[in-house]
Amino acid sequence: MQRLIPLMQREWLQHRFGWLMMAGIPLGLSLLLLSFGQLQIGEMEAAGAALPALLAAGSIAGSMALIFVIATFSSLVIVSNLARRDHADRSVEFWLSVPVSHSESFAAPLIVHLLLVPAAALLIGLLGGYAVSFIVVSRVTGAATWFGLPWGTIIVASFSLMLRLLAGLPLALLWLSPLILLVVLLTAWFRKWGWVILTVGLGLGSYLLKVVFGQPGLNRLSGELIQAAGRSLINGDQGGLVIGQASQGLDALRLLPNWALHDFGAALQALATPLFPGALLFAAGCFFLLVQWRQRGAGAAG
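Note that this is a predicted model, so its numbers are computed, not measured.

### Thoughts on the overall build of the chain
Step number 1: Secondary structure summary: the chain contains eleven helices and zero strands in total.
Step number 2: Per-residue burial for the chain yields a buried fraction of 41% across its 302 residues.
Step number 3: Restricting to contacts in the chain with at least 6 residues of sequence separation, those with at least 24 account for 85%.
Step number 4: A total accessible area of about 15900 Å² is found for the chain, and carbon and sulfur atoms account for 70% of it.

### Section: the pattern of salt bridges
Step number 1: Per the stated rule, a full pass over the model turns up three salt bridges.
Step number 2: The closest approach of N and O atoms between Arg-85 and Glu-11, which form a salt bridge, is 2.5 Å. Taken as a pair, Arg-85 in the loop between helix H2 (51–80) and helix H3 (92–97) and Glu-11 in helix H1 (residues 4–36) lie far apart in primary sequence, 74 residues in all.
Step number 3: Arg-254 serves as the salt-bridge partner of Asp-251, at 3.0 Å between the closest nitrogen and oxygen. With Asp-251 and Arg-254 both in helix H9 (residues 249–269), this residue pair falls three residues apart, about one helical turn.
Step number 4: According to the relative accessible area criterion, Asp-251 is partly exposed, its value standing at 44%.

### Re the nonpolar core
For soluble globular proteins, nonpolar side chains are generally found buried alongside one another.
Step number 1: If you look at the biggest cluster of nonpolar residues, it comprises 61 residues, and the most contacted ones within it are Ala-83, Phe-106, Leu-149, Trp-151, Ile-154, Trp-175 and Leu-290.
Step number 2: Only H2, helix H4 (102–141), helix H6 (151–190), helix H8 (217–233), H9 and helix H10 (275–295) provide two or more residues apiece to this core.
Step number 3: Setting aside chain neighbours within four positions, we find Leu-290 in contact with Ala-83, Phe-106, Leu-181, Val-184, Leu-185 and Ala-188.
Step number 4: Counting 14 residues, the second largest nonpolar core, distinct from the first, contains Leu-7, Met-22, Val-98 and Val-112.

### Some points on the packing of aromatic side chains
The description of an aromatic ring pair rests on the distance of the ring centres and on the angle between the ring planes.
Step number 1: For the coordinates displayed, the defined rule picks out nine aromatic pairs.
Step number 2: Here the aromatic rings of Phe-134 and Phe-147 are separated by 6.0 Å at their centres, their planes lie at 70°, and the arrangement is edge-to-face. Note that Phe-134 is positioned in helix H4 and Phe-147 in helix H5 (residues 143–147), a separation of 13 residues in sequence.
Step number 3: Taking the relative accessible area as the measure of exposure, Phe-134 reaches 29% and is therefore partly exposed.
Step number 4: The exposure class assigned to Phe-147 is exposed, which follows from its relative accessible area of 59%.
Step number 5: Ring pairing ties together the aromatic residues Tyr-130, Phe-134, Trp-146, Phe-147 and Trp-151, which thus form one cluster.

Analysis parameters
Residues numbered from 1 in each chain as written. Predicted model: local features only at pLDDT ≥ 70, side-chain atom pairs only at ≥ 80, totals over all residues. Heavy atoms only, no water. Helix = DSSP H or I, 4+ residues; strand = E, 2+ residues; numbered from the N terminus. Buried < 20%, exposed > 50% of the residue type's maximum accessible area, 1.4 Å probe, protein only. Contact = heavy atoms within 4.5 Å. Areas by Shrake-Rupley, 256 points an atom, 1.4 Å probe, with all protein chains shown as cover. Salt bridge = Lys/Arg side-chain N within 4 Å of Asp/Glu carboxyl O. Core = buried A, V, L, I, M, F, W, Y, C linked by side-chain atoms within 4.5 Å. Phe/Tyr/Trp six-rings, centres within 6.5 Å; stacked < 30°, edge-to-face > 60°.

Okay, here's the thing in structure tokens:
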């Protein structure tokens, strides 16, 4: 762990400006557009007295989702070129001389970009969502209404949602780890052609499997991994949070912590399938090949 922390600090020093812009620009634009743009509520007016609370909760959830999606997508793009990022300026020669293991050199940035950055984005989105909710509620019903909201219920519900996503994030990454590490490995071997080879390989491989065996296995397998990752974040099959009318929104917010707990339990139960250990085994194989590639001098730093 003592050697992982400096590697993680390197990621902060290298990407901190981009991370700050990634979180600050969307929130700033949201506040600006909501402050001066036109807001249309529509069918939400049927919520009656529950409308301000639903607007606040929706603003907080929307802010979390926005920053989380941006951070996750950005991290996936960065990680896809992880193996080759130090080759342009030949700094790979320096990092190969640093007294850290090759597995740590890959593990540290993977942990930072795929786990810590999206987790931090959830927290930033949550806190920024409170500011967004003030603008939205003030524009619709007045600033005084925002201060009179049932903040105990809203805060507990919003933190429950954040914790649900935070707990599901490692599970989603484990489901996606075969695809992510396969992209990193192909990029290490074939540089920018890695994406092309992956796309053609999946398409051609699925076609051949369909023609020969009658089963488009690769595409279906990739789809199942992506769907399982999505269910790890929000399972959605458990029910328990049904809103028949908009006026029942406050009751739904009160039920959200219990729903989040049961939904995470369903995500854990979904791990009990042969696909999950198979995915982990394949991901471990990709990681092993990455380490072997780096041990051979990262292609002589070429």
